[in-house]
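Residues per chain are reported as follows:
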Amino acid sequence: MTDYCCLSLEPMAITKTEAKQLLERLIFDEEPPREWVQDVWEMSPTLGETAAKLWDVYEAIIECCPEEKLENLLHSIYQDSLKDL
């Protein structure tokens, strides 16, 4: 039997660190992002340079984006992924 008193309809607040970790899992699966960049670099130095730039931009966006915006982005992504099921 489900204990409904523990279910919440409101999403929990997500810190910037948690948002970053969740986004990294969505983008890179279980592989650490730096390893992903290195793997791409080993396959193709040209693509590896692009991957490294992408990683730098990703880091900058995470740093300058407010927690609330990151949280909203994640909720939106997860909502969309649930629709696809």
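Residues numbered from 1 in each chain as written. Predicted model: local features only at pLDDT ≥ 70, side-chain atom pairs only at ≥ 80, totals over all residues. Heavy atoms only, no water.

> Got a sec to walk through the environment of H75? Specific residues and values, please.
Structurally, H75 can be placed in helix α4 (residues 67-83). Its relative accessible area of 26% is what places H75 among the partly exposed residues. The sequence separation of H75 and I14 amounts to 61 residues, and the corresponding C-alpha distance is 9.9 Å. (Helix = DSSP H or I, 4+ residues; strand = E, 2+ residues; numbered from the N terminus. Buried < 20%, exposed > 50% of the residue type's maximum accessible area, 1.4 Å probe, protein only.)

> If you had to explain unusual backbone geometry to someone new, which residues and values would you point to?
In this model, D29 sits at a positive phi of 60°, which is unusual for a non-glycine residue. You can see D29 is positioned in the loop between α1 (16-28) and α2 (33-43). By relative accessible area, D29 is classed as exposed at 57%.

> Tell me about the packing of α2 against helix α3 (residues 45-64), and please be specific about residues and values.
Interhelical geometry of α2 versus α3 gives an angle of 160° and a closest axis separation of 6 Å. Between α2 and α3, the crossing angle belongs to the class labelled roughly antiparallel. Relative to α3, α2 is oriented so that their crossing is right-handed. Of the residues in α3, those touching α2 at P33, R34, W36, V37, V40, W41 and M43 are P45, L47, G48, E49, A51, A52, L54 and W55. The class makeup of the residues in the contact of α2 with α3 is 12 nonpolar, 1 polar and 2 charged. (Axes fitted to C-alpha atoms, helices over the stretch in contact; angles between N-to-C directions. Parallel < 35°, antiparallel > 145°, perpendicular 65-115°, else oblique. Left-handed = near helix turned anticlockwise from the far one by under 90°. Contact = heavy atoms within 4.5 Å. Nonpolar A, V, L, I, M, F, W, Y, C, P; charged D, E, K, R; others polar.)

> So, α4: which residues are in play, and what are the values?
The first and last C-alpha atoms of α4 sit 24 Å apart over 17 residues, in line with the 24 Å expected at 1.5 Å per residue. Among all positions of α4, only L70, E71 and L74 are buried. One side of α4 holds all its buried residues, which, seen down the axis, span an arc of 100°. Exposed and facing more than 90 degrees away from the buried side of α4 are E68, K69 and K83. If you follow the buried residues of α4, they end up packed against α1 and α3. (Expected span 1.5 Å × (residues − 1). Arc of directions from axis to C-beta.)

> Mind laying out the nonpolar core, listing which residues take part and the relevant values?
Formed by 13 residues in total, the largest nonpolar core has its most connected members in A19, L23, W55, Y58, I62, L70 and L74. Listed by contribution, the elements that provide at least two residues to this core are α1, α2, α3 and α4. If one sorts the elements of this core by residue count, α3 sits on top with 4 residues. Not counting residues within four places of it along the chain, the set of residues in contact with I62 comprises K16, K20, L23 and L70. (Core = buried A, V, L, I, M, F, W, Y, C linked by side-chain atoms within 4.5 Å.)

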